[in-house]
Amino acid sequence: MGLAANPDFTLFALPEEHQALREAVAQFADEKVAPRAADIDETGIFPRDVYDALVAADFHAIHIPEEFGGQGGDALAACLVIEELSRVCASTGLLPAVNKLGTLPLMIAADDDLLQRYLPQVASGEAMFSYALSEREAGSDAASMTTRAVADGDAWVLNGQKSWISNAGESTYYTVMAVTDPSAGPRGISAFVVHADDEGFALGTPERKLGIHGSPTREILFDNCRIPANRIVGEPGTGFKTAMSTLDHTRITIGAQALGIAQGALNVATAYAKDRQQFGKSISSFQAIQFMLADMAMKIEAARQLVYAAAAKSERGDADLTFFGAAAKCFASDVAMEVTTDAVQVLGGAGYTRDWPVERYMRDAKITQIYEGTNQVQRIVMAKQLLSRMN
Ligand code: COS
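Residues numbered from 1 in each chain as written. Predicted model: local features only at pLDDT ≥ 70, side-chain atom pairs only at ≥ 80, totals over all residues. Heavy atoms only, no water.

Engineer: What am I meant to see in the domain arrangement of the chain here?
Structural biologist: Domain parsing of the chain yields domain 1 (16-124), domain 2 (129-236) and domain 3 (240-388). Contact with domain 2, which involves 12 residues of that partner, is made by 12 residues of domain 3. Roughly 1000 Å² of surface becomes buried between domain 2 and domain 3 when both sides are summed, with 73% attributable to carbon and sulfur atoms. Considering only the side of domain 2, the residues that lose the most area to domain 3 are Tyr-131, Leu-210 and Ile-212, jointly responsible for 46% of the buried surface there. Inspection of the domain 2/domain 3 interface yields 0 salt bridges. The interface formed by domain 2 and domain 3 holds 3 residue pairs in polar contact (both at pLDDT 80 or more) in total. (Domains from an automatic or database assignment. Contact = heavy atoms within 4.5 Å. Buried area = accessible area lost by both parts, 1.4 Å probe. Salt bridge = Lys/Arg side-chain N within 4 Å of Asp/Glu carboxyl O. Polar contact = N/O pair within 3.5 Å; in protein donor to acceptor, adjacent residues only side chain to side chain.)

What follows is the structure, encoded as structure tokens:
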């Protein structure tokens, strides 16, 4: 049967180059990012210095193919970078994740001209790229968006607004989904590249958020924003499909971010439990604490297997990617919320203060259950896949 054909037992191990990447990013995160994390959270100022360090280390957009000056990192490599950065600072982990989210619609649907124009700038770190799908009244129901793009001679003219845009104000470029044919539903939506300096483009005020304070989130506004016709991504009417298939891939990176946040919280809770003395002994000697730590670690390991398996499916473009992308994001982010809440509990009163990072991990974990589709939407996506397979 050939079952002995893998005698070195590498079946579930990371390939050597991925293991080396993980170690390199982990060292970078511990040395360059961890010392800045509390301050980034406290001030809410975009960490330009950390972004520059990411660029110098080539960890800011590892997914860009080599032919466009990038590292050509696969989906698992992107996840490892995001996971290890998020282990110390979720806002920093979001930088490579948002760059991937912003550029993937182009990599899926754009012609070579558009790819040549934009991807090298992201690879070099000169520009960052955001993704703009949601609107104030079109969040989970993304297809009900009302931002309009109307053809006018050799241009498109955009009017409307997009909400909760990660990295807005820092990104140079935005992939914007807009309605080009209001009579065609999701098939009347198209994707465009908008530049931060396009006339008629403006930024809303920064959102005041529970967590990820170092990642700016703002509305972007279009008031007769005129862009050249050749900035459409793919054919007119394909924007919604492109946006959805992008999310199939990038939801896995949010799973990776959640995984990193959860691992960071577990590490702090474990070290604290060993150190903290009560009733004359280390609280780690109490079974109540041991069981909490064991459950946290068990859930993280299960989430890790699912995220990595989904990343492999993303790389191969497997037919069940839509299910796995939703499942990885949903499961890992629910785990992150549970684990970080328990980490605060293990630290007790100390955990509730900003002297320790676990309350930050808990606040940062919450967004992973919400963005790139709420976990309720992920369950809709999974159920649809499941039920359609039975037909
Ligand atoms: N890949 C490719 N195409 C997809 C797709 C996917 N994963 N999912 C849906 N589509 C296509 C469908 O095939 C359909 O196209 P056709 O009419 O040509 O067949 C079209 O998109 C509409 O699909 P559907 O009817 O399923 O869309 P709904 O309006 O019912 O929306 C959900 C489905 C709720 C799943 C979708 O709106 C969604 O994901 N919402 C959350 C959005 C989100 O994640 N926002 C966060 C923004 S990033 S922070």
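Having seen it, we continue.
Engineer: Would you mind going over the packing of helix 3 (residues 75-86) against helix 6 (residues 239-275) with me for this structure?
Structural biologist: For any two helices packed against each other, one specifies the crossing angle of their axes together with the interaxial distance. Viewed as axis vectors pointing N to C, helix 3 and helix 6 meet at an angle of 30 degrees, and their least axial separation amounts to 7 Å. Taken together, helix 3 and helix 6 sit at an angle that is classed as roughly parallel. As helix 3 packs across helix 6, the resulting crossing turns out to be right-handed. Between helix 3, through Cys-79, Ile-82, Glu-83 and Ser-86, and helix 6, the contact on the second element is made entirely by Ile-252, Thr-253, Ala-256, Gln-257, Leu-259, Gly-260 and Ile-261. (Axes fitted to C-alpha atoms, helices over the stretch in contact; angles between N-to-C directions. Helix = DSSP H or I, 4+ residues; strand = E, 2+ residues; numbered from the N terminus. Parallel < 35°, antiparallel > 145°, perpendicular 65-115°, else oblique. Left-handed = near helix turned anticlockwise from the far one by under 90°.)

Engineer: Would you take a moment to explain the pairing of strand 3 (residues 155-166) for this structure?
Structural biologist: Two faces make up the sheet, and in a regular strand the side chains alternate between them. Counted residue by residue, strand 3 has 9 buried out of 12 residues, so it is predominantly covered. The pairing of strand 2 (residues 148-152) with strand 3 spans 5 bridges and is antiparallel. Looking across to strand 3, one finds that Ala-151 is bridged to Trp-156. As consecutive antiparallel partners, strand 2 and strand 3 are separated by 2 residues, and within that stretch Gly-153 has a phi angle of approximately 60 degrees, a positive value. The pairing of strand 3 with strand 7 (residues 217-228) spans 9 bridges and is classified as antiparallel. By the bridge assignment, Lys-162 is partnered in strand 7 with Ile-220. (Buried < 20%, exposed > 50% of the residue type's maximum accessible area, 1.4 Å probe, protein only. Pairing = 2+ DSSP bridges.)

Engineer: Is there a simple way to explain the pattern of salt bridges in this structure?
Structural biologist: Pairing between side chains becomes possible if they bear opposite charge and their charged atoms approach one another. Inspection of every chain in the model, using the stated rule, returns 22 salt bridges. Of the charged contacts in the structure, one is a salt bridge between Glu-301 and Arg-304, with a shortest N-O distance of 3.1 Å. Taken as a pair, Glu-301 and Arg-304 lie in helix 7 (residues 287-316) at a separation of 3 residues, close to a single helical turn. Assessed through its relative accessible area of 41%, Glu-301 is described here as partly exposed. On the basis of relative accessibility, which here comes to 10%, the residue Arg-304 falls in the buried class. Between Lys-313 and Asp-320 there is a salt bridge, and its shortest N-O distance comes to 3.1 Å. Relative accessible area serves as the criterion here: at 24%, Asp-320 is assigned to the partly exposed category. Linked by salt bridges that have partners in common, Arg-22, Asp-30, Glu-83, Glu-84, Arg-87, Glu-301 and Arg-304 make up one network.

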